[in-house]
Amino acid sequence: MGFFVPGNTIQNLKYYKYQSEDRSIITKLFLKPFWNTFVRVFPKWMAPNLVTLCGLGFILVNLVVTLYYDPSLDQTKPRFVYLANAIGLFLYQTFDGCDGVHARRTGQSSPLGELFDHSIDAINTTLSAYIFCSTLQTGYGYKMIYSQFAVLTNFYLSTWEEYHTHVLFLSEISGPVEGLLAIIFAYLMTAIFGPDLIWHTTLATFEIKGSKYNFDTADAVLVMFTLGLIMNCYSARRNVFDHYKKETNDLKLDYVIKDAIKGLFPYVIYVMTVVALVYVESSFIGFPFILSIGSTVAFVVGRIIVNHLTKQDYPMYNISMFIPIVQLIMYYVFVSITTNYSKESIIVALAWLGCGLSLGIHALFLNEIIYEFTTYLDIYALTIKHPKFV
């Protein structure tokens, strides 16, 4: 019994039943048969959560290599870096697809497994954003913020949708399948032909306020991100509405749907505070700031999943989401009252402060949840306590 799992809510884990609906043709025809074969690589004494964690290891290696050659995310890298990114992302997707198969194979399916899988996916979303933006050579700027939020918003919507419908929906074209495969293909093409041809081929030229702007292939990808986000918003909304139309009588339907929509407000407000902060001072956009955003959303998504598994109310208030507005206030205060420090040093200090706070809060959350879940379920997180080979 802790802060994030209060009272006897932990006992609701016994009602856990994983439900998913995967409509991907690629998964059915190619990936599932491949995963069912590849899973034999993992010994049966290996815990499914360890498979998931090892998959994240490939992304971490890719990130370290990418930042070594391109710390500013705007430089051309050796071709092998792009190839390594493609291989690493493919292995991540493979391990992520195999962990559930391995869990059923070893009889270790559990609520912790679902939470662990989604948490790793949430962490990967931001780590991969560094790698992807380095490939596009966006640098630390508005395009990177937009790219990150396009992906994080999809992830948040998918989790919000699962909380209300109790089903994980993967549409005919989804991020975890077709989206990752498209990025893998893009990395391979970049390794073969180079980033200039793949990402900086001019498609059109616009004149805005007397200045010419070249619309290149990298910009086209961001437009595709936008279209994908719009489609996912519509799909998530439709699935939640359809669920409550089936489960709720007409008198309560409007109230239930409005209550569900309220769950999107905290995220929208959080995005607005981030936009306000970087609009006031774009120099905030850097490695710690991007990591802070990713850690905050990963924490919030984790809370939604925990509350779904333990049948708690939707988490409307999350302390990490207040970090950007606090940073903005502190920025104005310190710039106004101090002359001992430059504006640049204040921005760096506040960015790392926000990063440290968000990572610390997320770490405390994960520590508590892993302890509570493993204690109640009588399992270990990364090893198998009670073998049930099937």
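Being a predicted model, the structure only gives us computed values, none of them experimental.

**Some details on the overall build of the protein**
Of regular secondary structure, the protein possesses 13 helices and four strands. Taken against the 2.2 N^0.38 rule, which gives 21 Å for 390 residues, the C-alpha radius of gyration of the protein at 22 Å falls within 12% of a compact globule. Principal-axis analysis of the C-alpha atoms gives the protein an extent of 65 × 50 × 45 Å. A burial count over the protein gives 50% of its 390 residues as buried. Here the protein displays about 19500 Å² of accessible surface, and carbon together with sulfur accounts for 66% of that area. Of the side-chain charges in the protein, 26 are positive and 28 negative, and the distance between the mean point of each set is 6 Å.

**Notes on the packing of helix H5 (residues 142–165) against helix H11 (residues 287–309)**
It is the contact of H5 with H11, at a shortest axis distance of 9 Å, that shows an interaxial angle of 5 degrees. By the criterion of interaxial angle, the relationship of H5 to H11 is roughly parallel. Where H5 abuts H11, its residues Met144, Ile145, Gln148, Phe149, Leu152, Phe155, Tyr156, Thr159, Glu162 and Tyr163 lie against Phe289, Ile290, Ile293, Gly294, Val297, Val300, Val301, Ile304, Ile305, Asn307 and His308. Across the contact of H5 with H11, the residue classes tally to 15 nonpolar, five polar and one charged.

**Considerations on the pattern of salt bridges**
In the structure shown here, the tally under the stated rule is five salt bridges. The salt bridge involving Asp219 is made with Lys143; its shortest N-O contact spans 2.8 Å. Pair noted here: Asp219 is in helix H8 (residues 217–247) and Lys143 is in helix H5, with a separation of 76 residues, a long-range link. Since its relative accessible area comes to 6%, Asp219 is described here as buried.

**Topic: unusual backbone geometry**
Positive phi, close to 60 degrees, is recorded for Gln137, a residue that is not glycine. Relative to the helices and strands, Gln137 resides in the loop between helix H4 (111–136) and H5. Here Gln137 falls in the buried class, since its relative accessible area comes to 17%. Despite not being glycine, Lys311 shows a phi value in the positive range, around 60 degrees. What makes Lys311 exposed here is its relative accessible area of 52%.

**A closer look at the pairing of strand E4 (residues 211–216)**
In the sheet, strand E3 (residues 202–208) pairs with E4 via six bridges, with the strands oriented antiparallel. Each bridged residue has a counterpart across the sheet, and for Thr202 the counterpart in E4 is Asp216. Between E3 and E4, which pair antiparallel in sequence order, lie two residues; one of them, Lys209, sits at a positive phi of approximately 50 degrees.

**Quick word on a nonpolar patch on the surface**
On the surface, Ile319, Phe322, Ile325, Val326, Ile329, Val333, Phe334 and Ile337 cluster together to form a nonpolar patch covering roughly 730 Å² of accessible area. Examined against the element boundaries, Val326 turns out to sit in helix H12 (residues 323–337). Looking at Val326, the relative accessible area reads 40%, which means it is partly exposed.

**Some thoughts on the layout of surface pockets**
To find leftover empty space, a probe the size of one water molecule is rolled over the atoms. Roughly 520 Å³ of internal volume is contained in the second largest pocket. As for the second largest pocket, its lining consists of 25 residues, of which Tyr163, His166, Asn307, His308 and Gln312 are closest to the centre. Of all elements in the fold, only H5, helix H9 (250–262) and H11 reach the threshold of two or more residues within the lining of the second largest pocket. It is H9 that contributes the most residues to the lining of the second largest pocket, four residues altogether.

**Some details on the state of the cysteines**
Here a disulfide denotes a covalent bond joining the sulfur atom of one cysteine to the sulfur atom of another. Considering all chains together, one arrives at zero disulfides under this definition. Residue Cys233 stays outside any disulfide, its sulfur separated by 19 Å from that of Cys133, the closest cysteine. Note on Cys355: no disulfide assigned, nearest cysteine sulfur contributed by Cys133 at a separation of 17 Å. We classify Cys355 as buried; its relative accessible area is 2%.

**A few points about the packing of aromatic side chains**
According to the stated counting rule, one finds 23 aromatic pairs in the structure shown. Between Phe4 and Phe299, the ring centres sit 5.9 Å apart and the planes meet at 75 degrees, which makes this aromatic pair edge-to-face. Separated by 295 residues along the polypeptide, Phe4 in the segment before strand E1 (20–22) and Phe299 in helix H11 bring together distant segments of the chain. There is no split in this pair, since Phe4 and Phe299 are both buried. Centroid distance Phe38 to Phe42: 5.9 Å. Interplanar angle 70 degrees. Geometry classified as edge-to-face. Three or more aromatic residues joined by ring pairs make a cluster, and in this case those are Phe34, Phe38, Phe42, Phe58, Phe90 and Phe95.

**Quick word on helix H6 (residues 175–193)**
Among the residues of H6, Val177, Glu178, Leu180, Ile183, Ile184, Ala186, Tyr187, Thr190 and Ala191 are the ones counted as buried. In this structure, the buried residues of H6 make contact with helix H1 (25–38), helix H3 (79–106), H4 and helix H7 (195–199). A positive phi of about 90 degrees marks Gly194, the residue just after H6.

**Let's talk about the packing of H4 against H6**
At a closest axis distance of 11 Å, the pairing of H4 and H6 adopts a crossing angle of 40 degrees. In this view, H4 runs oblique relative to H6, as classed from their interaxial angle. As for the relative orientation of H4 and H6, their crossing is left-handed in sense. Between H4 and H6, the residues in contact are Ser128, Ile131, Phe132 and Thr135 and Ile183, Tyr187 and Thr190, respectively. The residue inventory of the contact of H4 with H6, partitioned by class, reads four nonpolar, three polar and no charged.

What counts, and where the lines are drawn
Residues numbered from 1 in each chain as written. Predicted model: local features only at pLDDT ≥ 70, side-chain atom pairs only at ≥ 80, totals over all residues. Heavy atoms only, no water. Helix = DSSP H or I, 4+ residues; strand = E, 2+ residues; numbered from the N terminus. Rg over C-alpha atoms; globule rule 2.2 N^0.38 Å. Buried < 20%, exposed > 50% of the residue type's maximum accessible area, 1.4 Å probe, protein only. Areas by Shrake-Rupley, 256 points an atom, 1.4 Å probe, with all protein chains shown as cover. Lys, Arg positive; Asp, Glu negative; His and termini not counted. Charge placed at Lys NZ, Arg CZ, Asp CG, Glu CD. Axes fitted to C-alpha atoms, helices over the stretch in contact; angles between N-to-C directions. Parallel < 35°, antiparallel > 145°, perpendicular 65-115°, else oblique. Contact = heavy atoms within 4.5 Å. Nonpolar A, V, L, I, M, F, W, Y, C, P; charged D, E, K, R; others polar. Salt bridge = Lys/Arg side-chain N within 4 Å of Asp/Glu carboxyl O. Pairing = 2+ DSSP bridges. Patch = residues over 30% accessible without salt bridge, like charges linked within 9 Å, V, L, I, M, F, W, Y side chains within 5 Å. 1 Å grid on protein atoms, 1.4 Å probe; cavity = no way out; pocket = protein on both sides within 12 Å on 5 of 7 lines; lining within 4 Å. Points joined across faces, edges and corners; volume = space filled by probe spheres on them. Disulfide = S-S within 2.5 Å. Phe/Tyr/Trp six-rings, centres within 6.5 Å; stacked < 30°, edge-to-face > 60°. Left-handed = near helix turned anticlockwise from the far one by under 90°.

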